[in-house]
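# Structural features, examined
Listed below are the residues making up each chain.
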Amino acid sequence: MATLYAARRRKNSATMVLSLAATAFGLGWLVLILGVLLYEGFSGLSLAVFTEMTPPPGSTGGLLNAIMGSLVLTALAVLIGTPIGILAGTYMAEYGRHDRLTSVVRFINDILLSAPSIVIGLFIYEVMVYPMGHFSGWAGSVALAVIVIPVVVRTTEDMLTLVPDTLREAAASIGLPRSLMIIRIAYRAAKAGMVTGVLLAVARISGETAPLLFTALNNQFWSSNLNAPVASLPVVIFQFALSPYKDWQALAWTGALIITMAVLALSITARALTTTRKQS
Amino acid sequence: MVDLALQGGAVRASEAVSRSQALARLRIGDVAFRHLTRAAAVTVLLILSGVILSLIVGSLPALRQFGFGFLVSERWNPVTENFGAIAPIYGTIVTSFIAMLIAVPVGLMIAMFLTELCPQWLRRPIGTAIELLAGIPSIIYGIWGLFVFAPFLQDTLQPFLIAVFGEIPVLSSLFAGPPYGIGTLTAGLILAIMVLPFITSISRDVFDAVPPVLKEAAYGLGCTTWEVVRYVVLPYARVGVIGGVMLGLGRALGETMAVTFVIGNAHKISASVLAPGTTISATIANEFTEAVGDLYTSSLIALGLILFVITFIVLAAARYLLSRINKRIG
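Residues numbered from 1 in each chain as written. Chains lettered and ligands numbered in written order. Predicted model: local features only at pLDDT ≥ 70, side-chain atom pairs only at ≥ 80, totals over all residues. Heavy atoms only, no water.

### A look at the overall build of chain A
Convention followed: We count a stretch as a helix when DSSP gives it H or I for four or more residues in a row; a strand needs E for two or more, and each element gets its number in order from the N terminus. The classification of residues rests on relative accessible area computed with a 1.4 Å probe and restricted to protein chains. Under 20% of the type maximum is buried, over 50% is exposed, and intermediate values are partly exposed. Any two residues whose heavy atoms approach within 4.5 Å are treated as being in contact. For accessible areas, the Shrake-Rupley method is used with a probe of radius 1.4 Å. Any residue's cover is judged against the shown protein chains and nothing else.
Looking only at helices and strands, chain A has 12 helices and 0 strands in total. Along chain A, from the amino end to the carboxyl end, the secondary structure elements read α-α-α-α-α-α-α-α-α-α-α-α. Considered along the principal axes of its C-alpha atoms, chain A spans approximately 70 × 70 × 35 Å. Within chain A, buried positions represent 55% of all 280 residues. Of the contacts formed within chain A by residues at least 6 apart in sequence, a portion of 74% connects residues at least 24 apart. In the form shown here, chain A has an accessible surface area of approximately 12000 Å², with 69% of it arising from carbon and sulfur atoms.

Below, the structure is given as structure tokens:
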């Protein structure tokens, strides 16, 4: 008996040590990736990065047009995608909670949520770039909007479902029409969660490269024309990192650092928003 | 009641507008809003059907030209316009397989650590840190993989594998060839790091959902922590874990940028995992903007269609399994 017990204890300790090692392994990558990123990215970080255009190989420059392009594309994508996402989520949580349509949309939305983003790029190429005959910033932001929609739909539905029905009943009992009840009561109660959804969507698209490769393409120069190719930070990183030029590679690292910091800040903010809400 | 709504500014209250007119306007607004939300919900469906339709239409020329042979041919020659998809399909499956081989056991181990072993105050920070891994954009994994991870593997793991398995008959061909650094194995390892957080966080959630009574009963019988996890938690959470694994697999199959950096983009099937290869998504990302001629473009879109069909099946299965476990919990 004693030996069996000892064997069980040993097996248990071994797996526990393994699980500890696995956790260290998982966290190790995060430390490693962020460490290298900080080391490589910081050395290239200077004011010029934010004030100068992307340079031709062999000369110095910055990432201004890429950063601006990314900001514009992301903002447009959120402007297009958020209303559709919120309205769709509203239908699912408020009007058709037990509809057949809702369960179909929920299923399809979950598929879209994890669909390969490069396929979204092909889709937008087929429906926008090819008919228009040229790459454009508009196509890029629509491609990103297609990625925003499922994220926002999901969080909006989840958050509205959490709103207590007593609030809705109270609103109905004083004669408030349903649409006003949703806008004035339900949205207000679910606000923090819905904002979180939009933040997560922004975090998701600000690093997306694949759908932009053949929609917004890239642009060496400053461009405010959304009907023409627009530079974006991820695509510039892709191009510069794969180039043989040392200064381009250095700029790619700096760009990578900027994106990662922005994305991590966004996701931590989103997380903080939901936790304070849970505690209160 | 309605006056409240009127004051709120939803309907401009003027003396001339009678009460019944105001009510009618509210009713119209109500109906309009309902239809607006319904239209938005239908839009989600339209997007997915649009994706499928546009991919099918775009890939028709290639499928008409090559027929079923497209799926099994290894040729990929832009000059003679002769295309086949088997090399990228093979690369996609092999890299995802390597990724799952590593990420599934490690992810389950971390989930076990977080739910059973970890002190309460440390659970949230560690869980958050692992989830931050999921938030890092894939292009960052790509640039890191190309400049840091691949050279590292070239100096350490790959020579080691060649030295160890070089003499063993079957395994020697699996690890044959010079250590390039980049290649199928490197891509698989990076994918493993990328899908790890997905598997971990879903497994942790389903482990957490196991009723404490069950675990306490097993502990009460004198089970060790490992025995409780192995014989109580895992069987109970099985469906959810499989769902989480499938979800991770869906990510791995469709992952583009990180793989594009390190796979080497070679359109051939090699027995060795150290050799460069290609995946569906990497091929599209690398070649689409440079593709000249309708047949070339169409072949790349056909690759996209294949990728979409594969991931659709995997993700649909994952969602089905996860919805089953959610029903049981809820």
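### Focus: the interface of chain A and chain B
So the rule is basically this: By convention, the term buried area covers the 1.4 Å-probe accessible surface removed from two parts as they join, with the contributions of both added. We define a salt bridge as a contact between a side-chain nitrogen of Lys or Arg and a carboxyl oxygen of Asp or Glu at a distance within 4 Å. The term polar contact refers here to a pair of N or O atoms within 3.5 Å; inside protein, the definition further demands a hydrogen-donor-capable atom paired with an acceptor-capable atom, and it admits residues adjacent in sequence only when both atoms are side-chain atoms. Amino acids outside the nonpolar list (Ala, Val, Leu, Ile, Met, Phe, Trp, Tyr, Cys, Pro) and the charged list (Asp, Glu, Lys, Arg) are all regarded as polar, and Gly is one of them.
Counting residues at the interface gives 86 residues for chain A and 86 residues for chain B. Between chain A and chain B lies a buried interface of about 7600 Å² when both sides are counted; carbon and sulfur atoms form 80% of it. The interface formed by chain A and chain B holds 3 salt bridges in total. Taking the shortest distance from any N to any O, the salt bridge between glutamate 131 of chain B and arginine 271 of chain A comes out at 2.9 Å. Between chain A and chain B we count 8 residue pairs in polar contact (both at pLDDT 80 or more) in total. Broken down by class, the residue content of the side of chain A that touches chain B amounts to 60 nonpolar, 16 polar and 10 charged.

### Focus: the pattern of salt bridges
Throughout the structure, instances matching the rule amount to 12 salt bridges over all chains. Between glutamate 157 of chain A and arginine 106 of chain A there is a salt bridge; the shortest N-O distance is 2.7 Å. Here glutamate 157 of chain A, found in helix 6 (residues 137–162), pairs with arginine 106 of chain A, found in helix 4 (residues 100–114); they are 51 residues apart in sequence, far enough to count as distant. Classification of glutamate 157 of chain A by relative accessible area gives buried; the value is 7%. The partly exposed category is assigned to arginine 106 of chain A, whose relative accessible area is 31%. Among the charged side chains, a network of salt bridges with common partners joins Asp110, Arg154 and Asp158 of chain A together with Arg319 of chain B.

### Side note on the packing of helix 7 (residues 165–173) of chain A against helix 8 (residues 178–189) of chain A
Residues and elements named next belong to chain A. Convention followed: Axis definition: a line fitted to C-alpha atoms, limited for helices to the stretch in contact. Angles are taken between N-to-C directions and run from 0 to 180 degrees. Geometric relationships in this document are graded by angle, where less than 35 degrees denotes roughly parallel, more than 145 denotes roughly antiparallel, 65 to 115 denotes roughly perpendicular, and other angles denote oblique. We call a crossing left-handed when the near helix sits turned anticlockwise from the far one by less than a right angle, and right-handed when that turn is clockwise.
Two elements in contact, helix 7 and helix 8, have axes whose closest approach is 10 Å; the angle formed by their N-to-C orientations is 155°. Accordingly, the angle class assigned to the pair helix 7 and helix 8 is roughly antiparallel. Note on packing geometry: the crossing formed by helix 7 with helix 8 is right-handed. Within the contact between the two elements, helix 7 uses Leu167, Arg168 and Ala171 and helix 8 uses Met181, Ile185 and Ala189. Per-class residue counts for the contact of helix 7 with helix 8 are 5 nonpolar, no polar and 1 charged.

### So, the packing of helix 4 (residues 86–117) of chain B against helix 5 (residues 120–135) of chain B
Residues and elements named next belong to chain B. At a minimum axis distance of 10 Å, the contact between helix 4 and helix 5 shows a crossing angle of 160°. On the basis of their axis angle, the class for helix 4 and helix 5 is roughly antiparallel. Relative to helix 5, helix 4 is oriented so that their crossing is left-handed. Of helix 5, the residues touching helix 4 (which contributes Ile110, Phe113, Leu114, Thr115 and Glu116) are Arg123, Ile126, Gly127 and Ile130. Grouping the constituent residues of the contact of helix 4 with helix 5 by class yields 5 nonpolar, 2 polar and 2 charged.

### What to know about the side chain of serine 232 of chain A
By secondary structure assignment, the location of serine 232 of chain A is in the loop between helix 10 (210–213) and helix 11 (233–241). What serine 232 of chain A contacts, discounting residues up to four positions off in sequence, is Ala66, Ser70, Leu73, Leu212 and Asn218 of chain A.

### Let's talk about the packing of aromatic side chains
Formally: Note on aromatic contacts: the rings of Phe and Tyr and the six-membered ring of Trp form a pair at centre separations within 6.5 Å, being stacked when their planes are under 30 degrees apart, edge-to-face when over 60 apart, and tilted otherwise.
Applying the stated criterion across every chain yields a total of 20 aromatic pairs over all chains. Seen in terms of ring centroids, phenylalanine 214 of chain A and phenylalanine 288 of chain B are 4.5 Å apart; in terms of plane orientation they differ by 50°. Their pairing is tilted. Here phenylalanine 214 of chain A is found in the loop between helix 10 and helix 11, whereas its partner phenylalanine 288 of chain B is found in the loop between helix 13 (280–287) and helix 14 (294–329) on a different chain. Of the two residues, phenylalanine 214 of chain A and phenylalanine 288 of chain B, both sit in the buried class. In textbook terms, an aromatic cluster arises when at least three aromatic residues are bridged by ring pairs, as seen for Tyr125, Tyr130, Phe135 and Phe214 of chain A together with Phe288 of chain B.

Remember, this is a structural readout, not a statement about activity or role.
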